[in-house]
Amino acid sequence: MARTKLFRAPHKYIQAENCLLEFCEETKMLGDKFLFICSRSAHRTIRPLVEKSFEEAGSDASRHYEVFGGISSLGEIAKFRKMVQDEGINVIVGSGGGSAIDTAKATAYYEGLPVIVIPTVCATDAACTGLSVLYNDDHTFNSYIFYPKNPDIVMVDSGIIANAPVKFLVSGMGDALGTYFEARVCASNDSPSLENGGIMRSAMALCRCCYDTIREYGLQAKAACENHVVTPPLDAVIEANTYLSGVGADNGGLCVAHSVYDGLTALEERKVDHGDCVAYGTLAQLILEGAPKEEYEEVLFFCKEIGLPTTLEDLGITDPERVKIAAEKATIEGESIHNMPGDVTAVQLYAAMIAVDAMSKKYFPEG
Ligand SMILES: [Zn+2]
């Protein structure tokens, strides 16, 4: 019997240039004692806009801002939980990149409070998902926490994204590139989504839209971000990287591309971020799937156009033997690569990762 279908998403998603000027209005139903857990740069960029929204609304809600320089570790979460209890906080806000957001989500979950997420880069799709990565205080991986719901509100100020380094936007497109192809495999053989549900047609529609959007507007969005201006193509790609990719992956499932990222974390010479590895992993997945030439070329040409890695050298790997270590780690038990029909061994994944490099050199001998 087929798996029970499931679909989850943030309750409210808001995106526009200067949308943070509406922060007070958009969030007041959640509470009146806010704790903001912000990365250093997020604190600098969001605080003036958020404060203006409270002042203009004449609100007397309390706002406590904490600059967060750590990682989402058990010790940090315990520290913020104590702050919440001592001050009677009733809404948590996480702003910055992955760590501040994950810490805020975990604090809110353990304290039974609503959480608002304000990403200041769109390098991954973490803002909209219903899970966090947890670390030990010595920075080693602890576990994933899967929450019973997605964030209550996600607010993305396009002006802030336009002023963040373009490499984050590009890396986010790499993360978004895997979404459709990974979900397609999961849907084809009734593998579970990240939320452990059956994959709905609605999820597949978002995943497809994610892929179409980055292919159509990726280059224009990159040009806009390089020049720190907000344009409709940039807004389209921000939505793809943040909402379509996050909600798509949550409800569509993961496969080879994300396991390749997990595997590559074993190599200290790797010089690129999560999304860059997912892009390379997407190409490896297409090889393993035996995808048609036209589809492979479409994805390869997109990666070249945007500046995502297509060779081992682009990933920072000079010794192909090292790929064996990554392939071993990517195929350990519990990895999403096992959602592939017929399964994939470390030897097969190694072959695919070498083939991606070789294909890229065939198409682009000049590099
Ligand atoms: Zn990802």
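Residues numbered from 1 in each chain as written. Predicted model: local features only at pLDDT ≥ 70, side-chain atom pairs only at ≥ 80, totals over all residues. Heavy atoms only, no water.

A. How the structure looks around the overall build of the protein. Broken down by element type, the protein carries 14 helices and eight strands. Summarising its shape, the C-alpha atoms of the protein cover approximately 60 × 45 × 40 Å along the three principal directions. The buried share of the protein, reckoned over its 367 residues, is 55%. Long-range contacts, defined as pairs at least 24 residues apart, comprise 78% of the intrachain contacts of the protein with a sequence gap of at least 6. Here the protein displays about 15,200 Å² of accessible surface, and carbon together with sulfur accounts for 52% of that area. Charge separation in the protein, taken as the distance between the mean sites of 31 positive and 51 negative side-chain charges, equals 1 Å. (Helix = DSSP H or I, 4+ residues; strand = E, 2+ residues; numbered from the N terminus. Buried < 20%, exposed > 50% of the residue type's maximum accessible area, 1.4 Å probe, protein only. Contact = heavy atoms within 4.5 Å. Areas by Shrake-Rupley, 256 points an atom, 1.4 Å probe, with all protein chains shown as cover. Lys, Arg positive; Asp, Glu negative; His and termini not counted. Charge placed at Lys NZ, Arg CZ, Asp CG, Glu CD.)

B. Spatial organisation of the sheet that holds strand S8 (residues 153–157). With parallel pairing, six strands are arranged side by side in an open sheet as S1-S8-S5-S4-S2-S3. For this open sheet the edge positions go to strand S1 (12–16) and strand S3 (62–67), each flanked by a neighbour on one side alone. For this sheet the average axis-to-axis angle between neighbouring strands, irrespective of direction, equals 15 degrees. Looking at chain direction, strand S4 (residues 91–96) and strand S5 (residues 115–119) are connected through five bridges and run parallel. From the neighbouring strand, Ser95 faces S5, where its bridge partner is Ile118. Across the face of the sheet, helix H3 (residues 74–87) comes into contact with strand S2 (33–38), S3 and S4 while running at roughly 160 degrees to S2. (Pairing = 2+ DSSP bridges. Axes fitted to C-alpha atoms, helices over the stretch in contact; angles between N-to-C directions.)

C. Broad picture of the coordination of the zinc ion. Coordination of the zinc ion by the protein comes from Asp175 (OD), His258 (NE2) and His274 (NE2), over a distance range of 2.1 Å. Donor residues binding the zinc ion come from one chain and are separated in sequence as D-x82-H-x15-H. Pair noted here: His258 is in helix H9 (residues 256–264) and His274 is in helix H10 (residues 274–289), with a separation of 16 residues, a long-range link. Looking at His258, the relative accessible area reads 10%, which means it is buried. Note on His274: relative accessible area 18%, which makes it buried. (Donors = N, O, S within 2.8 Å, 3.2 Å for Na, K, Ca; no water.)

D. Looking closely at the pairing of S2. Most of S2 sits out of view: five of its six residues are buried. Bridging between S2 and S3 involves six bridges; their strand directions are parallel. Counted as the bridge partner of Phe34 is Arg63 from S3. Taken together, S2, helix H2 (residues 40–57) and S3 form a β-α-β motif whose crossover is right-handed. (Right-handed = clockwise from strand over helix to strand, strands pointing away.)

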